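Coordinate inspection notes
Residue-level listing of the chains:
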Amino acid sequence: MNYREWQSSLREKIIFQLKNNKVVLLQAPTGSGKTLFALDVAFSVGNKVLVAVRTHNEFYPFYREIANRFHGKRYAFLIGRSNGCLIASEKVKAEDITCSGCEFLTWKKIDFYGSPFETLAKLKKEGVNEKFCPYHSILNSALDADVILVTYPYLFIPSLRDTIGISLDDYVVIVDEAHNVDSLIDLEERRLSPNSINMAIKQSFGLEVKQILEKLKAKVVEITFKEKKFIALSKEKVESLLL
């Protein structure tokens with residue numbers, strides 16, 4: 001591999017720090033070769049690499065470099081349940097999808113060839129014809145790869161990371177576009193509105209449960225404005241926060 005000047009000057013320093021369990025932050029402009037450089041450095045430190053990106057669209061640059069420059073290295077990617085389900089819409093939340101009783105609840109070992117989007121489209125087509133689940137097939141096949149591409153939640157939410165059986169001790173971790181990490185607090189955000197509580201009330205059978213939900217709805221209405229979903233703070237509360 002031919003290195004650019006900035007890559008040559010930093011490569012050994014970064015490898016040294018990573019081998020000593022240090023976190024390295026690298027800032028470089030678009031088109032400077034940082035994706036290829038990050039993978040090259042990671043493979044110089046360990047045999048398995050975990051790449052975390054913000055969205056599925058960011059999978060492709062890493063796939064391209066792996067396919068073109070790292071021959072013999074196997075790649076895989078992970079997607080959410082709603083993205084891989086053959087029945088549910090991608091707009092449905094993963095926690096609202098129940099796999100038990102599904103006619104496609106079987107999986108097969110797969111190889112990841114082609115781009116992530118091409119691979120997923122191919123698996124969905126085969127899944128319908130062969131009666132297997134693309135989501136569970138991907139989940140059960142990904143850990144065999146040398147490089148696994150995931151979105152931020154699979155790395156930064158421990159409960160989600162545990163479901164796929166990844167031990168960070170086994171991987172060199174690359175966090176792409178790390179300046180977006182400050183938005184991680186939104187990953188597990190859940191919203192509660194009077195409408196959602198009304199739906200829960202309609203689906204409830206116990207009188208005590210309905211009463212609790214009615215009290216909760218009243219409290220939500222009390223502390224939020226009707227037109228804009230902001231928390232209502234009194235003047236005294238604002239002043240106390242500024243002290």
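Every chain is numbered on its own, with residues counted from 1 as its sequence reads. For a predicted model such as this one, the threshold for reporting local features is a pLDDT of at least 70, and the threshold for listing and counting side-chain atom pairs is 80 or more; totals across whole chains, interfaces and linings nevertheless cover every residue. The side-chain quantities take in all heavy atoms of the structure and omit both hydrogens and water.

What follows is about the overall build of the chain. Counting its secondary structure elements, the chain contains eleven helices and four strands. We call a residue buried when its accessible area falls under 20% of the maximum for its residue type, exposed when it is over 50%, and partly exposed in between, using a 1.4 Å probe and counting protein chains only. In the chain, which comprises 243 residues, the proportion classed as buried is 35%. The contact definition used throughout considers only heavy atoms, calling two residues in contact when any of these lie within 4.5 Å. A sequence separation of at least 24 residues applies to 69% of the contacts in the chain between residues at least 6 apart. Carbon together with sulfur atoms contributes 54% to the accessible area of the chain, which is approximately 16,100 Å² in total. Put simply, DSSP H or I for four residues or longer makes a helix, DSSP E for two residues or longer makes a strand, and each gets a number counted from the N terminus. Areas reported as accessible are Shrake-Rupley estimates using a 1.4 Å probe. Residue values count occlusion only from the protein chains shown.

This next bit is on the pairing of strand 4 (residues 172-175). Covered by surrounding structure in strand 4 are Val172 and Ile174 only, the residues Val173 and Val175 on the alternate face being uncovered. Where strand 1 (residues 49-53) meets strand 4, four bridges bridge the pair, whose relative direction is parallel. The partner of Val51 across the bridge, within strand 4, is Ile174. DSSP bridges decide pairing: two strands pair if at least two such bridges lie between them.

Among the five residues in strand 1, five count as buried, and that is most of the element. Pairing between strand 1 and strand 3 (residues 147-151): five bridges, direction parallel. Residue pairing for strand 3: Ala52 is matched across the bridge by Val150.

Next up on the list: the pattern of salt bridges. Salt bridge criterion: a side-chain nitrogen from Lys or Arg within 4 Å of a carboxyl oxygen from Asp or Glu. In the structure shown here, the tally under the stated rule is nine salt bridges. Note that Asp40 is salt-bridged to Arg11, the shortest N-O span being 2.8 Å. Of this pair, Asp40 sits in helix 2 (residues 34-45) while Arg11 sits in helix 1 (residues 5-19), and the two are 29 residues apart along the sequence. Where Lys122 meets Glu126, a salt bridge forms, and the shortest distance between an N and an O atom there is 2.7 Å. Here Glu126 and Lys122 lie together in helix 5 (residues 116-130), a separation of four residues that amounts to about one turn. For Glu126, a relative accessible area of 19% gives the class buried. The network of salt bridges with common partners includes Lys108, Lys122, Glu126 and Glu130.

Here the focus is the sheet that holds strand 2 (residues 75-77). Either a parallel or an antiparallel arrangement is found when strands of a sheet pair, and the pairing is made through backbone hydrogen bonds. The sheet built from four strands is open, its strands ordered 2-3-1-4 with parallel pairing. Looking along the sheet, the strands with just one partner apiece sit at the ends: strand 2 and strand 4. On average, each strand axis in the sheet is tilted by 20° relative to the strand beside it, whichever way the strands run. All axes here are fitted lines through C-alpha atoms, helices being fitted over the stretch that makes contact, and every angle between N-to-C directions spans 0 to 180 degrees.

Here we take up the environment of Gln17. Note on placement: Gln17 falls in helix 1. A relative accessible area of 32% means that Gln17 is categorised as partly exposed. The sequence separation of Gln17 and Val45 amounts to 28 residues, and the corresponding C-alpha distance is 9.9 Å. The contact partners of Gln17, leaving out residues within four places of it in the chain, are Lys22 and Val24.

The next point concerns the nonpolar core. Generally speaking, a soluble globular protein has its nonpolar side chains buried in company with each other. Residues grouped as a nonpolar core are buried Ala, Val, Leu, Ile, Met, Phe, Trp, Tyr and Cys residues, joined through side-chain atoms within 4.5 Å. If you look at the biggest cluster of nonpolar residues, it comprises 42 residues, and the most contacted ones within it are Val51, Phe77 and Ile138. Those residues in contact with Val51 that lie beyond four places of it in its chain are Leu39, Phe62, Val147, Ile148, Leu149, Val150 and Ile174.

Another point: the layout of surface pockets. Unfilled space is identified by rolling a water-sized probe across the atoms. Counted as a void, the largest pocket has a volume near 1,100 Å³. Considering the residues around the largest pocket, the lining is formed by 29 residues, among which Val24, Leu25, Val173, Ile174 and Val175 are closest to the centre. For the lining of the largest pocket, the elements supplying multiple residues, two or more each, are helix 1, helix 2 and strand 4. In terms of residue count, the dominant contributor to the lining of the largest pocket is helix 2 (seven residues). Tallied by class, the residues present in the lining of the largest pocket amount to 20 nonpolar, five polar and four charged. Definitions used for this entry: grid spacing 1 Å over protein atoms alone; cavity, a set of points where a 1.4 Å probe fits but cannot get out; pocket, an open set with protein on both sides within 12 Å along at least 5 of 7 lines; lining residue, one with an atom within 4 Å of a point. Grid points are joined across faces, edges and corners, and a volume is the space filled by probe spheres set on the points. When residues are grouped by polarity, Ala, Val, Leu, Ile, Met, Phe, Trp, Tyr, Cys and Pro land in nonpolar, Asp, Glu, Lys and Arg in charged, and all others, Gly among them, in polar.

Let us now look at the side chain of Glu65. Within the element layout of this structure, Glu65 appears in helix 3 (residues 59-69). For the charge count, each Lys or Arg is scored as positive and each Asp or Glu as negative, with His and the chain ends excluded. Among buried charged residues, Glu65 stands out as having no salt bridge; its nearest opposite-charge side chain is Arg64, 4.3 Å away. Among residues more than four places away in sequence, those in contact with Glu65 are Thr35, Leu36, Leu39 and Phe70.

Moving on, we get to helix 2. Between its first and last C-alpha, helix 2 extends 16 Å over twelve residues, near the 16 Å set by a 1.5 Å rise per residue. Helix 2 sits mainly inside the fold: nine of its twelve residues count as buried. Looking at helix 2, one finds that the buried residues are Thr35, Leu36, Phe37, Ala38, Leu39, Asp40, Val41, Ala42 and Phe43. Where the residues of helix 2 are buried, they touch helix 1, strand 1, helix 3, strand 3 and strand 4. Helix span, as expected, comes to 1.5 Å for every residue beyond the first.

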